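# Fold and contact review
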Amino acid sequence: MYNLLKGKKGIIFGALNQHSIAWKVAERAYEEGAEFVLTNAPASIRMGELEILADKTNSKIIAADATSIEDLENLVAKSMEILGGKIDFVLHSIGMSVNVRKGKSYTDPNYDFTKKGWDVSAVSFHKTMNVLYKKKAMNEWGSIVALTYMAAQRVFPDYNDMADNKAYLESVARSFGYFFGRDHKVRVNTISQSPTPTTAGTGVKGFDGFIAYSEKMSPLGNATALECADYTISMFSDLTKKVTLQNLFHDGGFSNMGVSDAVMENFE
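Anyway, here's the lowdown on the structure attached to this text. Here the structure is a predicted model, which is why all the values come from computation and not from measurement. (Residues numbered from 1 in each chain as written. Predicted model: local features only at pLDDT ≥ 70, side-chain atom pairs only at ≥ 80, totals over all residues. Heavy atoms only, no water.)

## Things to note about helix α4 (residues 69-83)
End to end, α4 covers 21 Å across 15 residues, agreeing with the expected 21 Å (1.5 Å per residue, within 8%). Among the residues of α4, Leu72, Leu75, Val76, Ser79 and Leu83 are the ones counted as buried. Across the axial projection of α4, the buried residues extend over an arc of 95°, all falling on one side. Of the exposed residues in α4, the ones pointing more than 90 degrees away from its buried face are Glu70 and Glu81. Buried positions along α4 lie against β1 (9-13), β2 (35-40), β3 (60-63), β4 (87-92) and α6 (111-134). Positive backbone phi, at 75°, marks Gly84, one or two positions downstream of α4. (Helix = DSSP H or I, 4+ residues; strand = E, 2+ residues; numbered from the N terminus. Expected span 1.5 Å × (residues − 1). Buried < 20%, exposed > 50% of the residue type's maximum accessible area, 1.4 Å probe, protein only. Arc of directions from axis to C-beta. Contact = heavy atoms within 4.5 Å.)

What follows is the structure, encoded as structure tokens:
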């Protein structure tokens, strides 16, 4: 290990179980010397295994509904109390589509479900940063990262309204990132990860087929959850102090491919 986060303090949203990217980020952050608070919605904490991760990383858990400003204010205040000061890094790893869960197609959604998914998956990022910004809770040169996916730029039909949520999420990162950088010298970025077999990812229709396709399309192959965690750690570290307002593709090269030999072989 490199002690890249030695002395740094953070908040990690969204770890559910060992398949979660946020779980891997927490493990790697701990290995690199960071202290942090783990948070998730109360229901997710009940159904997940967050206490195992907390024990493993010597961390505290604070339940918070990321769509609630009141919960977020409590989370930030208690985190600063537990950690003994301002925050150096935040990971937003939250996504949920009720329409996907209920099998509603993109052309026939339940719009109440649409609003709920948008609020959880995207607006929660704005709310989180708004609380951090107003409370002046971030140290200078701190880093805020949200996880996204390339469906924000290209059509993946079965990704449904999550594609719209991710597009909004990326826009929030740029827009709020400007103010955070200007006023508090905090950087804000999104990481666009390969399809990854997390609990949320495997809930998307046709996921197995698509992950196989992506593997054949990417010259370096799909990035794993652990590899994404490594990349996220680099974004939290002081080695990337001038990287902000970026959507960073971490996908083995998939995002710049038109077609690959391996894929063409299936059609010849």
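## Structural notes on the pattern of salt bridges
One pass over the structure, following the stated rule, counts nine salt bridges. Measuring nitrogen to oxygen at the nearest pair gives 2.9 Å for the salt bridge that ties Glu31 to Arg28. With Glu31 and Arg28 both in helix α1 (residues 21-31) and three residues apart, this pair spans about one turn of that helix. The class for Arg28 is buried, based on a relative accessible area of 9%. A salt bridge links Asp230 to Arg28; the nearest nitrogen and oxygen atoms lie 2.6 Å apart. With a gap of 202 residues between them, Asp230 in helix α9 (residues 225-236) and Arg28 in helix α1 connect regions that are remote in the sequence. Its relative accessible area of 34% is what places Asp230 among the partly exposed residues. Connected via shared salt-bridge partners are Arg28, Glu31, Glu32 and Asp230. (Salt bridge = Lys/Arg side-chain N within 4 Å of Asp/Glu carboxyl O.)

## Quick word on the side chain of Lys9
Note that Lys9 resides in strand β1. Setting aside chain neighbours within four positions, we find Lys9 in contact with Glu35, Leu83, Lys86, Ile87, Asp88 and Phe89.

## Thoughts on the nonpolar core
In terms of nonpolar packing, the biggest core is built from 32 residues, with Phe125, Ile144 and Phe180 touching the most fellow members. Elements that contribute at least two residues to this core include exactly β1, α4, β4, α6, β5 (138-148) and α7 (162-184). With six residues, α6 is the single largest residue contributor to this core. Residues within four places of Phe125 in sequence aside, it is in contact with His92, Ile144, Ala146, Leu169, Val172, Ala173 and Val188. (Core = buried A, V, L, I, M, F, W, Y, C linked by side-chain atoms within 4.5 Å.)

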